[in-house]
Amino acid sequence: MIENNVKNGMRVEKGLRHIAFIMDGNGRWAKKRGMPRTLGHKEGVKTFESIANYCAEIGLEAVTVYAFSTENWKRPKDEVNALMGLVEQYLDDFSKKVNEMSVELHMIGDMTVFPLSLQEKIAKVEKLSLGKPCKLCVAFNYGGRDEIVHACNALIAQGKQHVTAEDLCAALYTADIPDPDLIVRTGGEMRLSNFLLWQAAYSEFYATDKLWPDMKPEDVDAAIEAFYKRSRRFGGI
Ligand code: FPP
């Protein structure tokens, strides 16, 4: 039994710095209740806030959530608009209670497609939260392939003729964030869906059938316990 629960005053042990979440199952959660999918996403935001706070409380250095992928633009317009609205609302709420927050916000993804007003809001909230103990990365208009292509183009623009893995890491949206040790996917699917492709090279993967809005801190504990039972060899023996 790993004693890493805040209830007993313990914190995460070494070897676990960063957990990334694929927050799947909002639509199914809503459908089961006869509600529109957008209400599932709204509930998903509440879960996101509670899980992010929990991850900060137990001493993680970083937590990442997959909020909107470069492929999610294919969804119906009303769902895309609802997701955009929820993220913008979160930014507004965050800036109002930034002093109570224990997370440093990083929006990762291609922000250049958004209106300038939203880009400025993001930059302002990120700056306001600087220096908090846990980095909270919200992947928004994020795609792992898109991120790698973006990084390559940035390196070309810098005039590089030859790149190292370190150069590439430094050009990713996650430049200052440790790679995720553990990737948790809710909703029962077993795929990465273009999430953190470079960074996931040696991440442990944990899937649960729980739908994201049903996810609770104790489910995070279960994922952490499973993580500590894994033998991470990073290609060694
Ligand atoms: C996948 O579940 C979920 C998404 C594509 C969006 C997740 C977004 C949020 C929880 C809100 C993000 C907001 C902030 C502020 C971080 P799905 O709806 O595709 O699930 P389904 O497989 O049941 O249809």
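The preceding data block contains the structure.
Attention in this report is confined to the structure presented alongside it. This one's a predicted model, so the numbers in the text were calculated from it and none came from an experiment.

This next bit is on the pattern of salt bridges. When their charged atoms lie close together, side chains carrying opposite charge are able to pair. Considering all chains together, one arrives at 16 salt bridges under this definition. With a closest N to O distance of 3.5 Å, Asp24 and Arg28 form a salt bridge. Exposure remark for Arg28: the relative accessible area of 36% places this residue in the partly exposed category. With a closest N to O distance of 3.8 Å, Arg232 and Glu204 form a salt bridge. Here Arg232 is found in the segment after α7 (217-229), whereas its partner Glu204 is found in strand β6 (residues 204-207), with 28 residues between them in sequence. Given a relative accessible area of 14%, Glu204 falls into the buried group. Sharing partners across several salt bridges, the network here consists of Asp181, Glu204, Arg230 and Arg232.

A word on the packing of aromatic side chains. The final tally for this structure, using the stated rule, is 13 aromatic pairs. On the basis of an interplanar angle of 80° and a centroid distance of 6.0 Å, the ring pair of Tyr66 and Tyr142 is categorised as edge-to-face. A residue pair is termed long-range when its members are at least 10 positions apart, and Tyr66 in strand β2 (residues 62-69) and Tyr142 in strand β4 (residues 134-142) qualify at 76 residues. The same class applies to Tyr66 and to Tyr142, which are both buried. A ring pair is formed by Phe227 and Tyr228, whose centres lie 5.3 Å apart and whose planes are at 75°; its orientation type is edge-to-face. Accessibility expressed as a relative area gives 4% for Phe227, which makes it buried.

Moving on, we come to helix α3 (residues 77-96). The terminal C-alpha atoms of α3, which comprises 20 residues, lie 29 Å apart, in line with the 28 Å expected from a rise of 1.5 Å per residue. Within α3 the residues assigned to the buried category are Glu79, Val80, Leu83, Met84, Leu86, Val87, Tyr90, Leu91 and Phe94. Taken down its axis, α3 places every buried residue within 155° of arc, on the same side. In α3, those exposed residues whose orientation departs by more than 90 degrees from the buried face are Lys77, Asp78 and Lys96.

What follows deals with helix α5 (residues 144-157). Because the α-helix completes a turn every 3.6 residues, residues three or four places apart line up on one side. With 14 residues, α5 extends 20 Å between its outermost C-alpha atoms, agreeing within 8% with the 20 Å of an ideal straight helix rising 1.5 Å per residue. For α5, every residue scored as buried is listed here: Gly144, Glu147, Ala151 and Leu155. The arc enclosing the buried residues of α5, seen along the axis, measures out at 70°, which places them on a common side. Away from its buried face by more than 90 degrees, α5 exposes Arg145, Ile156 and Ala157. Check the buried side of α5 and you find it contacts β4 and α6 (165-171).

At a minimum axis distance of 10 Å, the contact between helix α2 (residues 37-57) and α3 shows a crossing angle of 25°. One finds that α2 runs roughly parallel with respect to α3. Two packed elements cross with a definite hand, and for α2 against α3 that hand is right-handed. Contact residues: Arg37, Thr38, His41, Lys42, Val45, Phe48 and Glu49 in α2; Asp78, Glu79, Ala82, Leu83, Leu86 and Tyr90 in α3. Of the residues contributing to the contact of α2 with α3, the split by class is 6 nonpolar, 2 polar and 5 charged.

Reading guide: rules and limits
Residues numbered from 1 in each chain as written. Predicted model: local features only at pLDDT ≥ 70, side-chain atom pairs only at ≥ 80, totals over all residues. Heavy atoms only, no water. Salt bridge = Lys/Arg side-chain N within 4 Å of Asp/Glu carboxyl O. Buried < 20%, exposed > 50% of the residue type's maximum accessible area, 1.4 Å probe, protein only. Helix = DSSP H or I, 4+ residues; strand = E, 2+ residues; numbered from the N terminus. Phe/Tyr/Trp six-rings, centres within 6.5 Å; stacked < 30°, edge-to-face > 60°. Expected span 1.5 Å × (residues − 1). Arc of directions from axis to C-beta. Contact = heavy atoms within 4.5 Å. Axes fitted to C-alpha atoms, helices over the stretch in contact; angles between N-to-C directions. Parallel < 35°, antiparallel > 145°, perpendicular 65-115°, else oblique. Left-handed = near helix turned anticlockwise from the far one by under 90°. Nonpolar A, V, L, I, M, F, W, Y, C, P; charged D, E, K, R; others polar.

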